[in-house]
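# Notes for the structure review
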Amino acid sequence: MWLFAVPRLLGSGAQLPVGTFVSFLLYTTMFLAPIDVIGQMARTINRATTSAHRVFEVLDTAPEIRDVAEPVRLEPVHGRVTFEHVTFGYDGVRQVLRGVSFDARPGELIGLVGPSGGGKTTIVNLIARFYDVSGGTIRIDGVDIRRLDTGHYRRQIGMVLQDPYLFHGTVLENIRYGLPDAPLSQVVLAAQAANAHDFITKLQHGYDTVVGERGHTLSGGERQRVSIARAILHDPRILILDEATSSVDTETEREIQQALERLVAGRTVFAIAHRLSTLRKASRLFVIEEGRLIEHGTHAELLARPEGTYRRLYDLQVQLA
Ligand SMILES: Nc1ncnc2c1ncn2[C@@H]1O[C@H](COP(=O)(O)OP(=O)(O)OP(=O)(O)O)[C@@H](O)[C@H]1O
Ligand SMILES: [Mg+2]
């Protein structure tokens, strides 16, 4: 524009008034701004369609776990869990579990111990039927897990994990997650049993405090107690604890331990722990190594075997302590 305008603005035969040129320039900028917006809009729409595409991809994924034509509903679930020669691999190539068999009676507290990568988490994943076995059978109260109504069955299971998942929302909503209609009084009772009530009432808005994405405004130990309260309120028949007391200080660990003791009463519990001392109260301990159940028995029975894996792990931890 300048190249075009300058010869016509200057010199003797100037035919272009300066005012016209300036207003032309100003109009041009006014004209460009909306064009720019249109360009941005195209970009935004493009991004939105790509994201929507991905969301629908997830929504359209057919679940691998499907119910049989006439699924069985156990009413009530007693909580007997039987593994019969269970083999399993995530990728179909490497076997992670190789012939695991056991029978957990209703109300037993089973401790799962063993070296990292042995298959403990895999076993509890199978109990919750996140995957189906490759060989053998898992029975719940004597019924093959594959014949159960998965939704109904999973509602009988509670999980307290190492890094519990909280949703963006209030503490109250997070505790009520499995039982949205629970009255406040019941929620408070659950929180008290979980040793969470005290810290919750100290939060800025108490039970109505918003915990943020994944609960990031709470500490690890606090999140854990909220998830224990959630499990207590939900009142599951089968309970899974995966490293529920790791990464907290001794005082908090004791509070969580107390809360867990209240939680486990009267349920079938599978508890995974690396710190063996936390599992002393277990009815039976299963030692899992390289996908096999290599030893089982009570704490005292396993300690009595001088050559046993449990004995070795235990001695190592005592030495460290
Ligand atoms: N989603 C997965 N896909 C493929 N392989 C997996 C998956 N999860 C676990 N594995 C493999 O299965 C084996 C057993 O893992 P698992 O998580 O059951 O061990 P673990 O006993 O719980 O160990 P840790 O004590 O460290 O938690 C490991 O070798 C692991 O690499
Ligand atoms: Mg694990």
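Above this text you will find the structure in question.
Residues numbered from 1 in each chain as written. Chains lettered and ligands numbered in written order. Predicted model: local features only at pLDDT ≥ 70, side-chain atom pairs only at ≥ 80, totals over all residues. Heavy atoms only, no water.

Right, let's get into the pattern of salt bridges. What the rule picks out here adds up to 10 salt bridges. Here R73 makes a salt bridge to D149, at a shortest N to O gap of 3.1 Å. Placement of the pair is R73 in the loop between α2 (18–59) and β1 (81–88) and D149 in the loop between β5 (143–144) and α4 (150–154), with a sequence separation of 76 residues. For D149, a relative accessible area of 13% translates into the label buried. Among the salt bridges present, the one from R267 reaches D235, with a minimum N-O distance of 2.6 Å. Highlighted residues: R267 in the loop between α9 (250–264) and β8 (268–272) and D235 in the loop between α8 (220–234) and β7 (238–242), separated in sequence by 32 residues. By relative accessible area, R267 is classed as buried at 7%. (Salt bridge = Lys/Arg side-chain N within 4 Å of Asp/Glu carboxyl O. Helix = DSSP H or I, 4+ residues; strand = E, 2+ residues; numbered from the N terminus. Buried < 20%, exposed > 50% of the residue type's maximum accessible area, 1.4 Å probe, protein only.)

For any two helices packed against each other, one specifies the inter-axial angle together with the distance between the axes. The contact between helix α1 (residues 2–9) and α2 brings their axes to 11 Å, and the two run at 165 degrees. The angle between α1 and α2 places the two elements in the roughly antiparallel class. Here α1 runs over α2; the crossing is left-handed. Seen from α1, the contacting residues are W2, A5 and L9; seen from α2, they are V18, F21 and L25. Looking at the contact of α1 with α2, its residues break down into 6 nonpolar, no polar and no charged. (Axes fitted to C-alpha atoms, helices over the stretch in contact; angles between N-to-C directions. Parallel < 35°, antiparallel > 145°, perpendicular 65-115°, else oblique. Left-handed = near helix turned anticlockwise from the far one by under 90°. Contact = heavy atoms within 4.5 Å. Nonpolar A, V, L, I, M, F, W, Y, C, P; charged D, E, K, R; others polar.)

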